[in-house]
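Commentary on secondary and tertiary structure
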Amino acid sequence: MAGLHPRPAIPFAVACAGIATFSLMDAAMKDLALALGAFNAVMWRNCLGALFMGVLFVGTRQRWPEAAVLKLHLWRSVVVSVMAVSFFWSITQLPLAEAIGLSFIAPVIALYLAAVLLGEKVGREAIWASVAGIAGVAVILAGRFSGHYTLGQMWGVAAVLFSAVVFAYNLILARQQAQVAGPIEIAFFQNLFVAATLSLAAPWFLMPMPIDKAPMLAGAAVLATISLLLLSWAYARAEAQILIPVEYTGFVWAALFGWLFFAEKLTWPVLFGTLCIICGSLIAARAKPTPVNQVEIATV
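So, how was this worked out
- Residues numbered from 1 in each chain as written.
- Predicted model: local features only at pLDDT ≥ 70, side-chain atom pairs only at ≥ 80, totals over all residues.
- Heavy atoms only, no water.
- Helix = DSSP H or I, 4+ residues; strand = E, 2+ residues; numbered from the N terminus.
- Expected span 1.5 Å × (residues − 1).
- Buried < 20%, exposed > 50% of the residue type's maximum accessible area, 1.4 Å probe, protein only.
- Core = buried A, V, L, I, M, F, W, Y, C linked by side-chain atoms within 4.5 Å.
- Contact = heavy atoms within 4.5 Å.
- Axes fitted to C-alpha atoms, helices over the stretch in contact; angles between N-to-C directions.
- Left-handed = near helix turned anticlockwise from the far one by under 90°.
- Nonpolar A, V, L, I, M, F, W, Y, C, P; charged D, E, K, R; others polar.

**Remarks on helix α2 (residues 38-59)**
- The terminal C-alpha atoms of α2 lie 31 Å apart, and with 22 residues this matches the ideal 32 Å at 1.5 Å per residue to within 8%.
- After α2 finishes, the residue R61 shows a positive phi value of roughly 55 degrees.

Structure, rendered in structure tokens:
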């Protein structure tokens, strides 16, 4: 791993670019999920992602992982499959900024999962993080209930919160995975195994890749790969505590891209609620900063 960069502003800027790229991928996936359905959008993006990352995996002469590591890659890919389909379906029902804001509660949930699964102590930070995170979710839901909403939008809220719970478990797996594999290996096998996992449901849900959507699917896969490489470079050269705030610039990009591409408006309840959730996530990151950032490097 590279040493810390003498000018942390450079890794910080690179990490910001990585989050912006990932947010643009989310916008592309929303368009694809609306057109093809969340299952097909995730399936075809991961097929192309596996192809691109496979070339990178072979080109950089990565070592083939041991059987135990392959099992970890496979299990995490099953978890990611559930998480990705539920999240990308949710953004077909909700504005991007609202879905992203709600998803920020995942690091708070991860503190309690770490206590259950890893035997870690639930400290004062976890309690305060929970209070702030739950308050933020409540504010967003209050804004949703007080306005015009559809049943589909409420299911969208449920889907993104479910995805956040699964993502929190994904944080635990990412912590284990990052100790035994590098970013390129993780990204390749995740794309490959997610596609393989979703293929089990292909006889019922898969539709042929539309030719007119192939460029956007390829673009989403490329954006995810670029984001991975940018974040990997940044996190190898700056301390986690410096880069933690970068994660939450994703909300700004989601609001911008939602407005630009889907004419989505940003409401005050979503803005204030997301601020509360971010405060809770920052408290959670202060308690356990490393796992939160490892997952951003590892997730495509």
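**With respect to unusual backbone geometry**
- For R61, which is not glycine, the phi dihedral falls at a positive 55 degrees.
- Note that R61 resides in the loop between α2 and α3 (67-93).
- In this structure, A263 is a non-glycine residue whose phi angle is positive, near 55 degrees.
- What makes A263 exposed here is its relative accessible area of 62%.

**Quick notes on the nonpolar core**
- In terms of nonpolar packing, the biggest core is built from 63 residues, with M25, M29, L32, V42, F87, F88 and F104 touching the most fellow members.
- Here M29 is in contact with A41, V42, R45, F88 and A220, once residues within four sequence places are set aside.

**Observations concerning the packing of α2 against helix α8 (residues 183-199)**
- As a packed pair, α2 and α8 sit with axes 8 Å apart at the nearest point and diverge in direction by 145 degrees. Between α2 and α8 lies a crossing whose hand is left-handed. When α2 is examined against α8, the residues F39, V42, M43, R45, N46, C47, G49, A50, M53, G54, L56 and F57 are found in contact with a partner set consisting of I184, E185, A187, F188, F189, Q190, N191, L192, V194, A195, L198 and S199.
- Broken down by class, the residue content of the contact of α2 with α8 amounts to 16 nonpolar, six polar and two charged.

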